[in-house]
Structures are given as structure tokens and as C-alpha cells.
Amino acid sequence: MFELIATDGAARRGRVTTAHGTVETPVFMPVGTLGSVKSLSPDDLRGAGAEIVLGNTYHLMLRPGEALIQELGGLHRFMSWGRAILTDSGGFQVFSLAKIRRVAEEGVTFRSPIDGAQHVLTPERSVEIQHALGADVIHPLDEFLAPPATHDDIERSLALTLRWARRSKDAHVAAGGGRALFGIVQGGTYRDLRERAV
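Below is a summary of the structure that appears in this document. Just so it is clear, the structure is predicted and the values come from calculations on it, not from any experiment.

## Considering the nonpolar core
And step 1. One finds M61, L75, W81 and F110 to be the most contacted residues of the largest nonpolar core, which totals 26 residues.
And step 2. For this core, the secondary structure elements donating two or more residues are helix 2 (57-62), helix 4 (75-79), strand 7 (108-111), helix 6 (123-133) and helix 7 (151-174).
And step 3. With four residues, helix 2 is the single largest residue contributor to this core.
And step 4. What L75 contacts, discounting residues up to four positions off in sequence, is G35, L60, I69, I85, T87 and L133.
And step 5. Counting seven residues, the second largest nonpolar core, distinct from the first, contains V16, I52, A84 and L86.

## Description of the side chain of D88
And step 1. Mapped onto the elements of the fold, D88 is located in the loop between strand 5 (84-87) and helix 5 (91-96).
And step 2. Of the buried charged residues, D88 lacks a salt bridge, with R125 as the closest side chain of opposite charge at 13 Å.
And step 3. Those residues in contact with D88 that lie beyond four places of it in its chain are G55, N56, T57, Q93, Q130 and H139.

## Some thoughts on the sheet that holds strand 1 (residues 2-8)
And step 1. Ordered in space as 1-2-3, the three strands form an open sheet in which the pairing is antiparallel. Edge positions in the sheet fall to strand 1 and strand 3 (21-25), since each has one partner strand and no second. Between one strand axis and the next, the sheet turns by 15° as a mean value, whatever way the strands run.
And step 2. Bridge count between strand 1 and strand 2 (residues 11-18): six bridges; the pairing is antiparallel. Its bridge partner being in strand 2, T7 is matched across the sheet by R12.

## What about the environment of Y190?
And step 1. Its location among the elements puts Y190 in the loop between strand 10 (180-181) and helix 8 (191-197).
And step 2. With a relative accessible area of 23%, Y190 lands in the partly exposed category.
And step 3. If near-sequence neighbours (up to four positions away) are discounted, Y190 is found in contact with A149, T150, H151 and I154.

## A few points about the packing of helix 6 against helix 7
And step 1. With their axes 8 Å apart at the nearest point, helix 6 and helix 7 run at an angle of 40° to one another. As summarised for this structure, helix 6 and helix 7 are arranged oblique, according to the angle between their axes. In this structure, helix 6 crosses over helix 7, and the sense of that crossing is right-handed. On helix 7, the residues touching P123, E124, V127 and H131 of helix 6 are W164, R167, S168, A171 and H172.

What counts as what
Residues numbered from 1 in each chain as written. Predicted model: local features only at pLDDT ≥ 70, side-chain atom pairs only at ≥ 80, totals over all residues. Heavy atoms only, no water. Core = buried A, V, L, I, M, F, W, Y, C linked by side-chain atoms within 4.5 Å. Buried < 20%, exposed > 50% of the residue type's maximum accessible area, 1.4 Å probe, protein only. Helix = DSSP H or I, 4+ residues; strand = E, 2+ residues; numbered from the N terminus. Contact = heavy atoms within 4.5 Å. Lys, Arg positive; Asp, Glu negative; His and termini not counted. Salt bridge = Lys/Arg side-chain N within 4 Å of Asp/Glu carboxyl O. Pairing = 2+ DSSP bridges. Axes fitted to C-alpha atoms, helices over the stretch in contact; angles between N-to-C directions. Parallel < 35°, antiparallel > 145°, perpendicular 65-115°, else oblique. Left-handed = near helix turned anticlockwise from the far one by under 90°.

Shown next, in the form of C-alpha cells:
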């Protein structure tokens, strides 16, 4: 649940309430790609005032795998982190691993850089993984194009991202909801496309 606390021009301050605590926005979110923030313990993070940590769906799916994390009690227990967790969709890896992936309407097919195994990440699969991890805030799968990209290319990519967002929402609802599904604003540097994304 998001609550708007104050505004100042275009700036705003808010509060996100999750099952694992409250997050005051804007917020600094440490990145715990593989279920830990490098060189910092959970006590260090709490001591620094962290209210939320980011986990990476793609990397956690590959290693150690969402099934093992779920079996061990979910990502909160796996990390020894009792506060909020946000997971990305794996969409950034669609961009960063361009050399080992193929994007299609169904989703993204790629070869694991760890063992070469083939994986297919669909909008539904991304949501399924994030639910299994037990994240408080999850995201729909999206396609992010490397800048600079033409208006036509970004418009095509945004259309795919919006179709994937609908599928992600349907999968989230079918899984029972229970956590926040946040949207992703794409559109590159083009105002009309960013407004369409919103």
C-alpha cells in the first residue's frame, strides 16, 4: 500500500507499507543480487537504516534457484532479513545479456552463463519466481533497449512491455496477489512514450 505524505512541486514523499515493514520514500535501496549485499551483513544494513533490499529474480532463479529458497523458508529467511524485499523481473538481464538471449512475444530465451543450460523467462514465469521467493514488491517482465534507440524501436519495445505487463498482472492475480506488483515506466527519452507507459 502506498500513502502520499507530502509534495513539493514535482517531488513527493510517501510511505509503502508491506508485510515486512514500512518503507519511507524516496529510499536508498541496497542491492542484494544473490540474496546478500556484498560485504555487508543484515545487521550492518539495519544499522545503516536500510528499510528494503533488492533481490535479482534472474540470478536467484539460476543459482541457487527459487525452489530451494522457497524450501528454506523464502528469501527473507534465506537472507536473515526481516524487513521489506523488492525483486526485479529479470528484465534488466534482457538488456545486459543481449549476446546470449532471444526476445519473442512469449518471453526471453537465453543460455545460462553458469552452465550453458537454456532457460525461458516469460512474464508468467517471472511472477511465479518472485512469488516463490516471497518478495514484498515484485515487478512485471519488461524489455529495456540500450540507448540510443529510435522512437520506432522504443515504441515497439514499449508495446511488448505493456503486453507482458498485462500477462504479469494476470499471473499475479491468479497466484493470489498478496504482495505489491509495481509497474515499470519505459519509453526511453521520449516523453510521449513515457507518458504512454505510465
